[in-house]
Amino acid sequence: MNANSVELEIGGMTCASCANRIEKTLNKLDGVTATVNYATEKAKVALPDGLDPAVLIARVEDIGYSAVLPKPAAPESAIAEPVEGSAGRAADPELLSLRTRLLVSAILTVPVVALAMIPALQFTYWQWASLALAAPVIVWGAWPFHRAAWLNLRHGAATMDTLISMGTLAAFGWSLYALFLGTAGMPGMRHEFSFALEAGTGASSIYLEVGAGVTVFILAGRYFEKRSKRQAGAALRALVELGAKDVAVVRGGSELRIPIAQLAVGDEFVVRPGEKIATDGVVVAGSSAVDASMLTGESVPVEVAAGDAVSGGTVNAGGRLVIRARRVGSDTQLAQMARLVEEAQTGKAEVQRLADRISGVFVPIVIGIAVVTLAVWLGIGFPATAAFTAAVAVLVIACPCALGLATPTALLVGTGRGAQLGILIKGPEVLESTRKVDTIVLDKTGTVTSGRMALVEIVTEEGTDPAELLRLAGAVEHASEHPIAQAVARAALAGSLPVAPSGSLSEHGGAERDETRSLTLPRVESFQNIEGRGVQGVVEGHAVLVGREALLADWSLHLSPAVAAAKADAEAGGKTVIAVGWDGSARGILVIADTVKPTSAEAVAELKRLGLTPILLTGDTEVVARRIAAEVGITEVIAEVLPEGKVEVVARLQAEGRVVAMVGDGVNDAPALATADLGMAMGTGTDVAIEASDITLVRGDLRTAADAIRLSRRTLGTIKGNLFWAFAYNVAAIPIAALGLLNPMLAGAAMAFSSVFVVGNSLRLRRFR
């Protein structure tokens, strides 16, 4: 969040119209742009410089709600303590209060409803017993609704609480009138229950079961809704809880265990098998397998050794590691992930803004319909009791609560599930982009390929051992910093021998295979880097040359026709070839290439199944690009594009009418990611690319891009399904209630069920795979 933005924790909201009202109030302030989310109970506010946040809080309190700035938490408490607070069941006083009211009200209401529905139970003066039981429910149990309705009334507003309060108090008031001033209080009075309405004299009917029953059903709906909202946000809380609480720091040659908050950048700390890695850093000693599933969703542990980067919150599954801290506190990947997810959950999709606008005018319209219903029933000659009951049913059934929950709960669960799978969706508007995307542009280096040169083939002259060739060449190249030289040195240190056949010239002819041997690189003497041509040095008495074929030719060393042909074939395929020779003879060639990630072909196939057209975009040569594209199954290639040209390519595709997604990882990809309709950055890439993107794929696996699009589309589908049912429910239920075909108590039950249904439907996203 930028410097002139604040986040407020809002209290007292009971429905979407409350959130809509607070949002409108804040947006009336000059220079203020506010978004209030009913599900997260937070307001994200952009405000001009010099405006005190206390002004925002005062405005919110003026209209009957509470607002506070989030309490600054110490880093260790933010990680070590479960983030229950307002979001956890055990520490949430509002949830506990709701549960108490629900339990007490339910116990008192059951006999009231039983007496009203079952005439055989109606003893003499049963109606007065019902009054004694129902009064505490309607007055005390429904007090939160009455209080909110009164506060809203004082400010000239109406919300869902207004409907509930009016309905329950109307039923209670009518019952009191019938008991004290009518004939309903007479001994031996009988009450027949009906699912629909029946004509009768108003003075002989009581509706205590309606007032108490509606209160219980609404309280139950509110309780389960609030508890479900807490479950919906569980993924975000789990992210924050991943961090370690303390860390074993190496100081003065010994280990000292300190709270995580005291760890500083540059400190070295020890992580034993089974322990969490305290913060982002670089391994300085030891090797192990690290389980990063909680951050990336990747189930297979990753092998790490000295020089490899590791992330805080992951688990050391193997040996002892010594790690140097690179980022601490709010700068870590874990903290950034939590922040991105929270910001996404605070925003609003366009479909939700539509729902908010509707819910903002819905309550006054419903009150108007209830008044018209009452007037029409009375006007056509029905008894006051029938007219009154129909009006109460309209008030109770029409609550827009489900409408307000439809979008934010699905967004909460969808973005939270994405975080668990290593997919960070930056905002709700991103979901709408994924539905329309038909073309996906894939950057080659670091996205489709590993972005790291690797030895892919060794072709030797007859009589030359490939292991010896790699060992001597690796020894000389190890002294060079060139990426190609480092690829050879890494292969030599690992002892990896990808051996290709070279006809009769290689004793290792036949099918290509991969051998692994334990190689030790010998010492190099008289090392010399020959600019633009290669390197040379003396290794174990051999004068070794490694580089371009021209370097060997300078020393009258020439490749045989068969090896030269293999070299030409490799270069025609866009690979880099270096020649090796020593002691007056050419010994063979090493073929280097940027290798395709093992999962890229599968990812491209999955993207095609989603209806997307993949395009490979690269600054590399056409030959190299075509080779990579053929390996992964891409037919459309745009090659030899300068970094600034990537934006032009995306804009040109958009001009052709395509809706473009872009996947990249480098600094030069950032402008194109920002230009695309949907930008996806590999989490293994640069911070600039990640900042410019709409979705961050935490692990460097292109399959996650397909998962991200599927999850986004599923979440958007859930939102639309929720909105359909919320709209359909109200559109269908209000006329039924107005026609007198629905008992108010059953209307209350149906309304509560609609809210629980919407939340439950959203929670199904937790099972996304």
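Calculation criteria
Residues numbered from 1 in each chain as written. Predicted model: local features only at pLDDT ≥ 70, side-chain atom pairs only at ≥ 80, totals over all residues. Heavy atoms only, no water. UniProt positions renumbered as here; feature names shortened; annotations may be inferred. Helix = DSSP H or I, 4+ residues; strand = E, 2+ residues; numbered from the N terminus. Buried < 20%, exposed > 50% of the residue type's maximum accessible area, 1.4 Å probe, protein only. Areas by Shrake-Rupley, 256 points an atom, 1.4 Å probe, with all protein chains shown as cover. Pairing = 2+ DSSP bridges. Axes fitted to C-alpha atoms, helices over the stretch in contact; angles between N-to-C directions. Parallel < 35°, antiparallel > 145°, perpendicular 65-115°, else oblique. Contact = heavy atoms within 4.5 Å. Nonpolar A, V, L, I, M, F, W, Y, C, P; charged D, E, K, R; others polar. Salt bridge = Lys/Arg side-chain N within 4 Å of Asp/Glu carboxyl O.

- An unreviewed UniProt entry lists the protein chain under the name Heavy metal translocating P-type ATPase, with Microbacterium panaciterrae given as the organism.
- Taken from UniProt, the Sequence similarities (unreviewed entry) comment for the protein chain reads in full: "Belongs to the cation transport ATPase (P-type) (TC 3.A.3) family. Type IB subfamily."

**Some details on the overall build of the protein chain**
For step 1, the next point in the chain: Scanning the protein chain for helices and strands turns up 27 helices and 28 strands.
For step 2, the next point in the chain: Taking all 769 residues of the protein chain together, the buried fraction comes to 53%.
For step 3, the next point in the chain: Summing over all exposed atoms, the protein chain offers an accessible surface of approximately 31,300 Å²; the carbon and sulfur share of this is 59%.

**Here's the deal with the sheet that holds strand β28 (residues 695-697)**
For step 1, the next point in the chain: Taken in spatial order, the seven strands make up an open sheet running β14-β28-β27-β26-β15-β24-β25, and their pairing is mixed. Only two strands of the sheet have a single neighbouring strand rather than two, namely β14 (423-425) and β25 (636-638). Each strand axis lies, on average, 20° off the axis of its neighbour in the sheet, ignoring direction.
For step 2, the next point in the chain: Bridge analysis of strand β26 (residues 660-664) against strand β27 (residues 678-682) gives four bridges, and the strand direction is parallel. Residue pairing for β27: Gly664 is matched across the bridge by Ala681.

**What to know about the sheet that holds strand β11 (residues 309-310)**
For step 1, the next point in the chain: A sheet is described by the order of its strands in space; here six strands give the open sequence β6-β5-β7-β13-β8-β11, paired in antiparallel fashion. A strand with exactly one partner marks an edge of an open sheet, and here the two such strands are β6 (254-259) and β11.

**Things to note about the packing of helix α21 (residues 600-609) against helix α26 (residues 703-738)**
For step 1, the next point in the chain: Their axes nearest at 7 Å, the elements α21 and α26 cross at an angle of 25°. Classed by the angle they form, the pair α21 and α26 counts as roughly parallel. Between α21 and α26, the residues in contact are Glu602, Ala603, Glu606 and Leu607 and Arg703, Ala705, Ala706, Ile709 and Arg710, respectively.
For step 2, the next point in the chain: Class assignment of the residues belonging to the contact of α21 with α26 gives a composition of five nonpolar, no polar and four charged.

**Some words on the pattern of salt bridges**
For step 1, the next point in the chain: Inspection of every chain in the model, using the stated rule, returns 25 salt bridges.
For step 2, the next point in the chain: The closest approach of N and O atoms between Asp554 and Arg533, which form a salt bridge, is 2.6 Å. Of the two residues, Asp554 is situated in helix α19 (residues 549-554) and Arg533 in the loop between β19 (524-530) and β20 (534-539); the sequence distance between them amounts to 21 residues.
For step 3, the next point in the chain: Among the salt bridges present, the one from Glu622 reaches Arg626, with a minimum N-O distance of 2.9 Å. With Glu622 and Arg626 both in helix α22 (residues 622-632) and four residues apart, the pair spans about one turn of that helix.

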